[in-house]
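Examining the three-dimensional arrangement
Okay, here's what each chain looks like letter by letter:
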Amino acid sequence: MPSGIILSGGPETVTESSPPSPDVGIYTLDVPLLGICYGMQIMADQLGGEVSISNKREFGLAKVSPHHDQEWLGESTSAASAKKVEFDVWMSHSDKVIELPPGFTIAASSVNAPMAAIIDIDRRFFGLQFHPEVTQTSNGPRILEFFLVQVCKCSQSWTSSNVAKDLIEIIRQKVAGDKVVLGLSGGVDSAVVAVLLHQAIGDQLTCIFVDNGLLRLNEGAEVVETFQKNIGIEVRQVNAVERFFRELSGVTDPEEKRKVIGRVFIEVFQDEANKIRDIKWLAQGTIYPDIIESAGNVHSSAQVIKSHHNVGGLPSSLNLKLLEPLSKLFKDEVRSLGRHLGIPKQLVYRHPFPGPGLGVRIVGEVTKENVDILRKVDHIFLTELKRHNLYDEVSQAFAVFLPIKSVGVVGDNRAYNHVVSLRAVETIDFMTADWKKLPYEFLSHVSTRIINEVSSIGRVTYDISSKPPATIEWE
């Protein structure tokens, strides 16, 4: 018998004729139940309530006001009783509950969702229209802890130490005496996999770093030096710059670019891996958000947001078994694991970099000229974030090259130059994110540096979109 049940959110709607629904038997198991967003709506519908399409959709930050005596919502009873208390939540819904099921009462409301939280105390059923699992819900961790620990009586045994020990043992049992090859990107995910494998199987591991020409400034040399000199892991570096640009010529569709970059990476990687005798396993730094966004779980009804080149299986020609130790972890969990494994802090907390590199930060065709421009712009932005002690306040920051030009004035002459957009976000799990409110003076300084030092740039913009509805990357 489970200690509790959580019905998660999802892209579906209860108002459809045959919405995805859990077995109604779960409501008679006499175990606590928490419904989140769609989970709350389907629970309300199945238990005799009513759900309707809302006149006003809610996506992003909202304020929720708990009704009195709602300690489970993260507010103390005395505070909630003495005065009106509001806290920030993350909403992402087009439907709402308009009639409560029998036995339920309203626990909290927002402007657009009068039933933002509901509860049936006797049956220990809880419903949230908002998402407690995302960074932007201020009381989210306390709400989940209350449900899991106080209501479900679960033990808090998930620690980085336990996870590392379990993963290392799983790797040893799976791999035994076989050799493993890992595609190293230099990001935290593949770095943690590399160290886990190194601790589990030692020199049975070989890492391959493919320079696709779409990397940040000086990235290739920094990655090789970090792993070979600081961590002691063998890294083979492959220069495939010309091949990637040739294959990307004329390609403008973002999904097609991702597929081209992924395919060429596999081909280059395979050529190098074939030089190593008796390789049996391919390790990847796939994490759970990659699988979710790619709808990579065969049992999932998730929609494809964007494909990830490390999700979706391997070409049969590789003839290797797949090893993905981090596939059930989120980014914050991977970072916690990385610190426990002794990986240098500057690598663990380095901003994420997409597998396709700058290729998906150039809207439109990827050319060497545009990559060189973007690389300079990106370097200025990141350098200034570090110099102003803002880098660690931002979860991810980068520049995007736009396929447009804009009129300007340079030295009293008309100019017609490229446009770039800067992007900086705050998040923990990277499933949702809010744009970072960087100081105006800082943005002005960065813009001036970019326009003065990168002669082909004539205009700098700043992206103030949250995820959702936008994604963190542009493509």
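For every chain, the first residue of the written sequence is number 1, and numbering continues from 1 onward in sequence order. Selection of residues for local features in this predicted model requires a pLDDT of at least 70, selection of side-chain atom pairs for listing and counting requires 80 or more, and totals for whole chains, interfaces and linings are taken over all residues. Hydrogens and water molecules were not included; the side-chain quantities draw on all heavy atoms of the structure.

Structural notes on the overall build of the protein chain
For helices the rule is a DSSP run of H or I covering at least 4 residues; for strands it is a run of E covering at least 2, with both sets numbered from the N terminus onward. Assigned secondary structure in the protein chain consists of 13 helices and 16 strands. For the protein chain, whose C-alpha radius of gyration is 25 Å, the value lies close to the compact-globule estimate of 23 Å for 475 residues. When its C-alpha atoms are laid out on the principal axes, the protein chain stretches across 70 × 65 × 45 Å. The burial tally for the protein chain puts 52% of its 475 residues in the buried class. Residues count as neighbours in contact if any of their non-hydrogen atoms are within 4.5 Å of one another. In the protein chain, once contacts between residues fewer than 6 apart in sequence are set aside, the share between residues at least 24 apart is 72%. The accessible surface values rely on the Shrake-Rupley method and a 1.4 Å probe; as for residues, cover is taken only from the protein chains in view. Carbon and sulfur atoms form 49% of the exposed surface of the protein chain, whose accessible area is close to 22,200 Å². Across the protein chain, the 48 positively charged side chains and the 58 negatively charged ones have centroids separated by 5 Å. Atoms considered for the radius of gyration are the C-alpha atoms alone. The globule rule reads 2.2 Å times the number of residues to the power 0.38. Each residue is assigned to one of three classes by its accessible area relative to the maximum for its type, calculated with a 1.4 Å probe on protein chains only: buried under 20%, partly exposed between the two thresholds, exposed over 50%. Only four residue types enter the tally: Lys and Arg on the positive side, Asp and Glu on the negative side, with His and both chain ends excluded. Charged side chains are reduced to one point each, which is NZ for Lys, CZ for Arg, CG for Asp and CD for Glu.

Quick word on the sheet that holds strand β8 (residues 179-183)
Think of it this way: DSSP has to see at least two bridges between two strands before they count as a pair. Ordered in space as β10-β9-β8-β11-β12, the 5 strands form an open sheet in which the pairing is parallel. For this open sheet the edge positions go to β10 (235-239) and β12 (321-323), each flanked by a neighbour on one side alone. Going across the sheet, the axis of each strand differs from the next one's by a mean of 30 degrees, ignoring polarity. The sheet contact formed by strand β11 (residues 279-283) and β12 spans 3 bridges and is parallel. If you follow tryptophan 281 over to β12, its bridge partner there is lysine 321. As a rule, the C-alpha atoms of each element are fitted with a line to give its axis, helices using only the stretch in contact, and angles between N-to-C directions run from 0 to 180 degrees.

Digging into the nonpolar core
Among buried residues, the Ala, Val, Leu, Ile, Met, Phe, Trp, Tyr and Cys ones that are joined through side-chain atoms within 4.5 Å form a nonpolar core. One finds Leu326, Leu337, Leu385 and Leu438 to be the most contacted residues of the largest nonpolar core, which totals 92 residues. For this core, the element with the most residues is helix α5 (residues 188-201), which contributes 10 residues. Leave out the neighbours within four places in its chain, and leucine 438 touches Phe381, Leu385, Leu390, Val394, Ala424, Leu443 and Tyr462. Counting 25 residues, the second largest nonpolar core, distinct from the first, contains Trp72, Leu73, Ala116 and Leu128.

Considerations on the packing of aromatic side chains
Planes of paired rings set the category: under 30 degrees apart is stacked, over 60 is edge-to-face and the rest tilted, where pairs are Phe, Tyr or Trp rings (Trp by its six-membered ring) whose centres lie within 6.5 Å. One pass over the full model with this rule turns up 8 aromatic pairs. Considering the side-chain rings of phenylalanine 87 and phenylalanine 130, the 6.0 Å spacing of their centres and the 85 degrees angle between planes classify their relative orientation as edge-to-face. Residue phenylalanine 87 is located in strand β4 (residues 87-99), and its partner phenylalanine 130 is located in the loop between β7 (125-128) and α3 (140-151); the two are separated by 43 residues in the primary sequence. Each member of the pair phenylalanine 87 and phenylalanine 130 is classed as buried. Pairing tyrosine 288 with phenylalanine 330 gives two aromatic rings, centres 5.6 Å apart and planes at 85 degrees, and the pair type is edge-to-face. Note that tyrosine 288 is positioned in helix α9 (residues 288-293) and phenylalanine 330 in the loop between β12 and α10 (331-340), a separation of 42 residues in sequence. Residue classification places phenylalanine 330 among the partly exposed residues on the basis of a relative accessible area of 24%.

Regarding the pattern of salt bridges
Pairing between side chains of opposite charge can happen when their charged atoms approach one another. Take a side-chain nitrogen of Lys or Arg and a carboxyl oxygen of Asp or Glu: if they are within 4 Å of each other, that pair is a salt bridge. Inspection of the entire model under this criterion finds 24 salt bridges. In this structure, the salt-bridge partner of arginine 263 is glutamate 247, at a minimum N-O distance of 3.0 Å. A residue pair is termed long-range when its members are at least 10 positions apart, and arginine 263 in helix α8 (residues 254-273) and glutamate 247 in helix α7 (residues 241-248) qualify at 16 residues. Overall, arginine 263 belongs to the partly exposed group, its relative accessible area being 35%.

Description of the pairing of strand β2 (residues 33-36)
Because side chains alternate across β2, one face comprises the buried residues Leu33 and Gly35, and the other comprises Leu34 and Ile36, equally buried. Bridge count between strand β1 (residues 5-7) and β2: 3 bridges; the pairing is parallel. From the neighbouring strand, isoleucine 6 faces β2, where its bridge partner is leucine 34. Summarising the sheet, β2 and β7 pair through 4 bridges and their orientation is parallel. Bridge pairing links glycine 35 to glycine 127 in β7.

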